[in-house]
Amino acid sequence: MTVSALMPRIVRHIELNGPMAVSDYMAMCLLDPEYGYYTKAEPFGANGDFTTAPEISQLFGEIIGAWLINAWLTVGKPSPFTLAEAGPGRGTLMKDILRTAAIEPAFSAAAKPVLIEASPRLRAIQSETLGGTAKRTQWLNDFERLPDRPLFLVTNEFFDALPIRQFIFHRNQWVERCIGLGENESLQWQMGTGKIETDHLPSYLKNVPAEGSIVETSPARESMAAKIAAHIAEHGGVAINFDYGHTTTAVGDTFQAVHHHAFANPLQEPGKRDLTSHVDFAALSQSAGSQGAHAFQVMAQGAFLLQCGLLERAGQLGAGKSQEVQEQIRNDVQRLAGSGPQEMGELFKVWCLAQNEGVQIAPFEV
Ligand code: SAH
């Protein structure tokens, strides 16, 4: 185990304030300005901690680029519009989308690229990835300053990085699940004191659960969904989001750490491991709906990519290439769209928003 520079800061925080909510722990571990995971570590790729869909193959960004063009045509070619990505990592997805956009010059000309990124280190990498396009790209810290024009937004593994809270059912009440101090400056799970009134919980929680049941809520994700939805309801556009999660809200602990492509203990080496949890798409849709935007039925990533022509595009990409390259493309397709436990096709979902219920964009069902 390597030394975590963030640990003394967390210990001090707990000594001063008492046990920490999971949301505060997650926010500090991921985005502490000096020692946060996204501030400091190199998460992506074979030598990092995890590999994301755009880093697997250019096919992912190309399919999304083509989908965005179709969505833009469907909603009446607004011009100009914001072409945004939130949490762009290395910037690979946006690069692939912009390259694909060249097939529809009117789309390219109307698009004003915006990247929403909290980590200054990743902003620099994104700028490098985008090359010449970086000059006409605007970087924002959050959604507050988005220009007042239609928004075409894409995110991949963004919502899962936003903090969650956990509550544990203990002696007939829900109390916050917190992180406190163990021996030798280690961290351990602890019950917080804050109990929540059942009136404020979703209806599915009102049945008496088993002792020790855990539920997760995410004010951060829901308010992010609400901000995006409010912008789209007012100015038009779409938001297409890829993430792993569940389509109906349920009881369960999904908080996890990933290090070198394997699950790890989230309370060890804070700041050195990626922390995420499954996204509750039902909660996001409810939040988006409250702002007047329309959330389509959630699709599995595999079904989405296949219906958008993944196999056809893979065939074009492999045509005339060596057997080795063709084999690689086949493997990439399988990883992106396959339904096995190590593949993304079923595990990952596509959650998509449009301005209102009247908008229909293939392959989503209303
Ligand atoms: N989309 C990329 C990276 C996913 S990792 C890919 O698929 O490869 C999560 C990304 O979200 C990182 O770029 C991280 O710095 C960013 N991020 C996390 N929390 C954020 C926040 N609150 N606001 C903006 N960006 C955030």
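Residues numbered from 1 in each chain as written. Predicted model: local features only at pLDDT ≥ 70, side-chain atom pairs only at ≥ 80, totals over all residues. Heavy atoms only, no water.

## Observations concerning the overall build of the protein
A count of helices and strands for the protein gives 14 helices and 17 strands. Taken over the C-alpha atoms alone, the protein extends approximately 60 × 45 × 40 Å along its principal axes. Among the 366 residues that make up the protein, the fraction classed as buried is 54%. Of all intrachain contacts in the protein linking residues separated by at least 6 positions in sequence, the fraction that spans at least 24 positions is 75%. Each charge class in the protein was averaged separately, 28 positive and 40 negative side chains, and the resulting centres sit 5 Å apart. (Helix = DSSP H or I, 4+ residues; strand = E, 2+ residues; numbered from the N terminus. Buried < 20%, exposed > 50% of the residue type's maximum accessible area, 1.4 Å probe, protein only. Contact = heavy atoms within 4.5 Å. Lys, Arg positive; Asp, Glu negative; His and termini not counted. Charge placed at Lys NZ, Arg CZ, Asp CG, Glu CD.)

## Some remarks on the sheet that holds strand 13 (residues 274-276)
The strands making up a sheet associate through hydrogen bonds between their backbones, and the pairing can be parallel or antiparallel. Spatial ordering of the open sheet is given by 12-11-13, a layout of three strands whose pairing is antiparallel. If you trace the sheet from one side to the other, it starts and ends with strand 12 (262-264) and strand 13, each paired once. Neighbour to neighbour, the strand axes of the sheet diverge by 40° on average, direction disregarded. With three bridges joining them, strand 11 (residues 256-259) and strand 13 adopt antiparallel strand pairing. Within strand 13, the residue paired with V258 across the bridge is D274. (Pairing = 2+ DSSP bridges. Axes fitted to C-alpha atoms, helices over the stretch in contact; angles between N-to-C directions.)

## Side note on unusual backbone geometry
In this structure, the amide linkage connecting S79 to the following residue, P80, adopts the cis form with an omega of -5°. P363 follows A362 through a cis peptide bond whose omega is 0°. Secondary-structure assignment places P363 in the segment after strand 17 (348-354). In this model, N184 sits at a positive phi of 50°, which is unusual for a non-glycine residue. Tracing the chain through its elements places N184 in the loop between strand 7 (173-181) and strand 8 (187-196). For N184, a relative accessible area of 75% gives the class exposed.

## Comments concerning the environment of F296
Its location among the elements puts F296 in the loop between strand 15 (294-295) and strand 16 (299-300). According to the relative accessible area criterion, F296 is buried, its value standing at 2%. Separated by 174 residues in sequence, F296 and L122 place their C-alpha atoms 31 Å apart. If sequence neighbours within four positions are ignored, F296 has contacts with C352, L353, A354, V359, I361, F364, E365 and V366.

## Describing the site of the ligand
Around the ligand lies a shell of 17 residues, among which T52, G87, G89, E117 and N156 are the nearest. One of the side-chain nitrogen or oxygen atoms of T52 is found 2.6 Å away from an oxygen atom of the ligand. Between a nitrogen atom of the ligand and a main-chain N or O atom of A118, the distance comes to 3.3 Å. Protein contacts shield 94% of the accessible area of the ligand, which totals 570 Å² for the unbound molecule. Here the shell around the ligand is composed, by residue class, of nine nonpolar, five polar and three charged. (Near = heavy atom within 4 Å. Polar contact = N/O pair within 3.5 Å; in protein donor to acceptor, adjacent residues only side chain to side chain. Areas by Shrake-Rupley, 256 points an atom, 1.4 Å probe, with all protein chains shown as cover. Nonpolar A, V, L, I, M, F, W, Y, C, P; charged D, E, K, R; others polar.)

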